[in-house]
Amino acid sequence: MSHILADLRLALRTWGKSPGFTAIAIASIALGIGANAAIFTLVDQVLLRTLPVKDPDSIVQISYIGSAFGNNWGDGSELSYGMFVDFRDNNQVFDGVMARFGRALHTGVAGKTERVAGEIVSGTYFQTLGVNAAAGRVFTPDDDKAPGGHPVAVLSHGYWTSQFAGDLSIVGSAMTINGRPYTVIGVAQRGFEGVELGRPTQVFVPLMMKAQLTPGWNGLDDRRWQWLRVFARLKPGVTAEQAQASLEPFYRSRLEMEVKEPAFANVPERGRKRFLENKLTIMPASQGRSGFRQDMTTPLWVLMGTAVGVLLIACANVANLLLARGAARQREMAVRLALGATRGALVRQLLVESLLLAFAGGAAGVALSLVGAPLVLGFFVNPETPQPISTLPDLRILAFTFAVSTLTGILFGLTPALKSTRPSLAPTLKDHAGSVLGGQARLRKALVATQVGLSLLLLLGAGLFLRTLDNLLAVDIGFKTRSLVSFSIDPSLNGYTTGRTKQFIRTLLERLNGTPGIESAGLATMRLLDGNQWSSGITIEGYTPGPEERTVTLNNAISPGYFKAMGIPVLMGRDFDHRDERPEPPKDGPPFRVAIANESFAKKYFAGRNPIGGHIGFGTNPRTPTPIEIVGVVRDSKYTDVRDDVRPGLFFPFLETDVMDDFTVYMRITQPPDTVFTTARQIVQQLDPNVPVHGTRTLERQVEQSLQRERLVATMTSVFGTLATLLAVVGLYGVMAYTVARRTREIGIRMALGARASTIGWLVTREVLVIAAIGVILALPAAWWLSRYVESQLFGVKPTDAVTVIGAIVLLITVSVVAGLVPSNRAARVNPTTALRYE
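These numbers come from a predicted model, not from an experiment.

Enquirer: With reference to specific residues and values, describe empty space enclosed by the protein.
Expert: Counted by the stated rule, this structure contains six cavities of 30 Å³ or more. Empty space within the largest cavity amounts to approximately 170 Å³. Broken down by secondary-structure element, the contributors of at least two residues to the lining of the largest cavity are strand E16 (552-558) and strand E21 (649-653). Class assignment of the residues belonging to the lining of the largest cavity gives a composition of eight nonpolar, six polar and five charged.

Enquirer: Just give me the short version of the nonpolar core, but keep the residues and values in it.
Expert: Ranked by internal contacts, the top residues of the largest apolar core, which has 69 residues, are Ile39, Val46, Leu357, Phe412 and Leu732. Dropping the residues within four chain positions of it, phenylalanine 412 is found in contact with Ile29, Cys315, Val318, Ala319, Leu322, Ser354, Leu357 and Ala358. Within the second largest apolar cluster, 54 residues are counted, among which are Val60, Tyr64, Val85 and Phe164.

Enquirer: An account of the packing of aromatic side chains is requested, with residue identities and associated values reported.
Expert: Per the counting criterion, the structure on display carries 29 aromatic pairs. Between the aromatic rings of tyrosine 562 and phenylalanine 563, the centroid separation amounts to 5.5 Å while the plane-to-plane angle is 65°, which identifies the pairing as edge-to-face. There is no split in this pair, since tyrosine 562 and phenylalanine 563 are both buried. Ring geometry for phenylalanine 654 against phenylalanine 663: centres 5.5 Å apart, planes inclined by 65°, an arrangement best described as edge-to-face. Members of the aromatic cluster, each reached through a chain of ring pairs, are Tyr125, Phe126, Phe139, Phe192 and Phe204. Here the basic side chain of lysine 210 rests over the ring of tryptophan 227, its NZ or CZ set 4.9 Å away from the ring centre. Sitting above the plane of the tyrosine 496 ring, arginine 500 keeps its charged end 3.7 Å from the centroid.

Enquirer: How would you summarise the pairing of strand E6 (residues 152-155) if you had to cite specific residues and measurements?
Expert: Across the two faces of E6 the burial is the same, with Val152 and Val154 and Ala153 and Leu155 all buried. Pairing geometry for E6 and strand E8 (residues 180-188), over four bridges, is parallel. Each bridged residue has a counterpart across the sheet, and for valine 152 the counterpart in E8 is threonine 183. Bridge analysis of E6 against strand E9 (residues 203-206) gives two bridges, and the strand direction is antiparallel. Bridge pairing in E9 places leucine 155 opposite valine 203.

Enquirer: If you had to explain helix H19 (residues 699-706) to someone new, which residues and values would you point to?
Expert: Buried within H19 we find Leu699, Gln702, Val703, Gln705 and Ser706. For H19, the angular spread of the buried residues around the axis is 160°, confining them to a single face. Its buried side turned inward, H19 meets strand E13 (484-489), strand E22 (663-669), strand E23 (694-698) and helix H20 (708-742).

Enquirer: Quick one: what's the story with the packing of H20 against helix H22 (residues 757-790), residue by residue and with numbers?
Expert: Running from amino to carboxyl end, H20 crosses H22 at an angle of 140°, the nearest separation of the two axes being 11 Å. Taken together, the axes of H20 and H22 are oblique relative to one another. Both H20 and H22 take part in a crossing whose hand is right-handed. Residues Leu732, Met736, Thr739 and Val740 of H20 touch H22, and the partners they reach there are Val764, Glu767, Val768 and Ile771. A breakdown of the residues in the contact of H20 with H22 according to their chemical character gives six nonpolar, one polar and one charged.

Thresholds applied
- Residues numbered from 1 in each chain as written.
- Predicted model: local features only at pLDDT ≥ 70, side-chain atom pairs only at ≥ 80, totals over all residues.
- Heavy atoms only, no water.
- 1 Å grid on protein atoms, 1.4 Å probe; cavity = no way out; pocket = protein on both sides within 12 Å on 5 of 7 lines; lining within 4 Å.
- Points joined across faces, edges and corners; volume = space filled by probe spheres on them.
- Helix = DSSP H or I, 4+ residues; strand = E, 2+ residues; numbered from the N terminus.
- Nonpolar A, V, L, I, M, F, W, Y, C, P; charged D, E, K, R; others polar.
- Core = buried A, V, L, I, M, F, W, Y, C linked by side-chain atoms within 4.5 Å.
- Buried < 20%, exposed > 50% of the residue type's maximum accessible area, 1.4 Å probe, protein only.
- Contact = heavy atoms within 4.5 Å.
- Phe/Tyr/Trp six-rings, centres within 6.5 Å; stacked < 30°, edge-to-face > 60°.
- Lys NZ or Arg CZ within 6 Å of the ring centre and 35° of its normal.
- Pairing = 2+ DSSP bridges.
- Arc of directions from axis to C-beta.
- Axes fitted to C-alpha atoms, helices over the stretch in contact; angles between N-to-C directions.
- Parallel < 35°, antiparallel > 145°, perpendicular 65-115°, else oblique.
- Left-handed = near helix turned anticlockwise from the far one by under 90°.

Put into structure tokens, the structure is as follows:
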């Protein structure tokens, strides 16, 4: 320890003697480590953290692989309530089985109504996860037995502290949820925000209250509705594979039972066979399940790899600096060795200096990450949704930074330390070191060539992602986003009946359309470019699908005025109007009488026929009736995402349906958006002060938000690519300046023998081009190999796109030549007399 302390004191004195070198080295390391710390903070929070529950590694999700029959709400991993009960009550491999369904809720306390993120959960939810109460108690199975008989709620700790300031008196008090009184029985433990990252739950409600929370849709009595995500806790010693093998026969018997239900009466034999081929799957779920995590996995790993590339370039830069300083200290090292110092002691001293630089750079990098991580998070976090993701460095991030700093210090310090402590004593002590440094010069050039190669990889990535973003922004989405705004409301969460909701909508649209500054207004059940969709199987009159073809459409229910507000032209037939309204839909018969198709639907299913007057029906069974008449055709437009191809789609009259839940109002405006939003809120408040407005945004902002991943990756790879190129340029400049200084005597002899200044300048420039060319040659195979990992993130451009590759190479060669201009000019201006006299 005394030797290490002495090495530390010597390292600090060395810093003081060369502050410029120290500042450049620490800045280079700080940029590399700061980039890695910022991205790893998000990688850790989003991709690596497990649920804050008891023994998260024993949590699994029960799902299936195959074809669904009926209605599905979610990403395809959901089960019906009946199937959940089957697994809950008939297994020997789980210590508990629970189910949950995410649903927005309207809560009211002290006369104030607000929209919150809710979760409808089974009575086994908290027990299975091992989540306790911070105050009061959490649900038990007794709180979830009788339909409609358990109006109780549990608050999340975050919601309790933010909305109620941690007031314990809230436990046992009443609050209104969707217009009905509920009793708050407890607060969940700190840190638990549900099982879906990106959608932190604020209020938990028992599953048996489902019918009251979603009027018009029960879901508890229909095995054809698959809407619950089902999780379980494995018994000690049981693996997911063993659990799956144990439950597979039981699952098969449930499928065979379901296929005998009346709902399958008209299903053809091939459809039944396909349904019976479904496979049970038990998936690890220590992190829960999150669409947000799935969306961000590839972009974050791409950014992490890019940040590592920047760090490697920074390490090469610092290693070059240390090699240059080692060359200057050759005589010092030779004297120390001659006086009896061991090589091991000198290597230890130099490694201490390197590690001290790395730790100082790491500390500065953590400070940079405090600024960088929130900026990156801001690209893909919805400001309307509270996020449990923290960008503040905790012990895990500090440990990561310490480990990276240590590895970095060894990586850039070890080779220079070994090189510097192995001088040829006699020539060095005679001050002829210039003749023995050829090995170091070659190593420095190899490091710079590596930097150039890594920079090219990052520039290629940045170019591809920038072109992807540019291609997506140029996509014709089918409607005019300029001067188009939207907001969402959900009167059903306030206990509105279907008839009352329809009257609310009529009055709302009438007032909006009569308001100055609003040219037209209409509404839709599905918010566009939001990632959600309503799809269904359709039978088309006069169209016979192929043996394996499924006629599935993307649907939306809209009001009159929607197409006018969106700027979507009606190409054939008519728009919806008052003829398409029904105060109450019939109990028997089709949910809709008319529909409007998009171009893709008309071209695919009515090729060579007039779609106007054609008929369709919900379902794909051979004897499905087709009572719905097509009355119009509109231009194609994007639905879920800008990336998606336009698929066959249908529009139905919103005021004809009996499902009146969350809907989005679109307005074509002539005044500033903020002014219009204020006016719209006032109109809604006049109609009902307890109906909150949410999701206010311009459609330009909606398009930007739908491209948030692409914008994040394009921006960050551009920043990292630019940073890497600058570091490589600095490294190239340094090594060429060092080379010119070392070859001063040679240059003087050449000029004394008649070499021109331009020839000497070209000599240096040629060496720059050789180093850059080697870097390019090294990078191209690596770029081809890495292309398979980024191809899925590209749009309208191939990973081997010639324009991008050539552009990146030309840019890198150009900046390399610019970096070599100063050393080249310096070499061209060498005075041969002075150089030879000096030597």
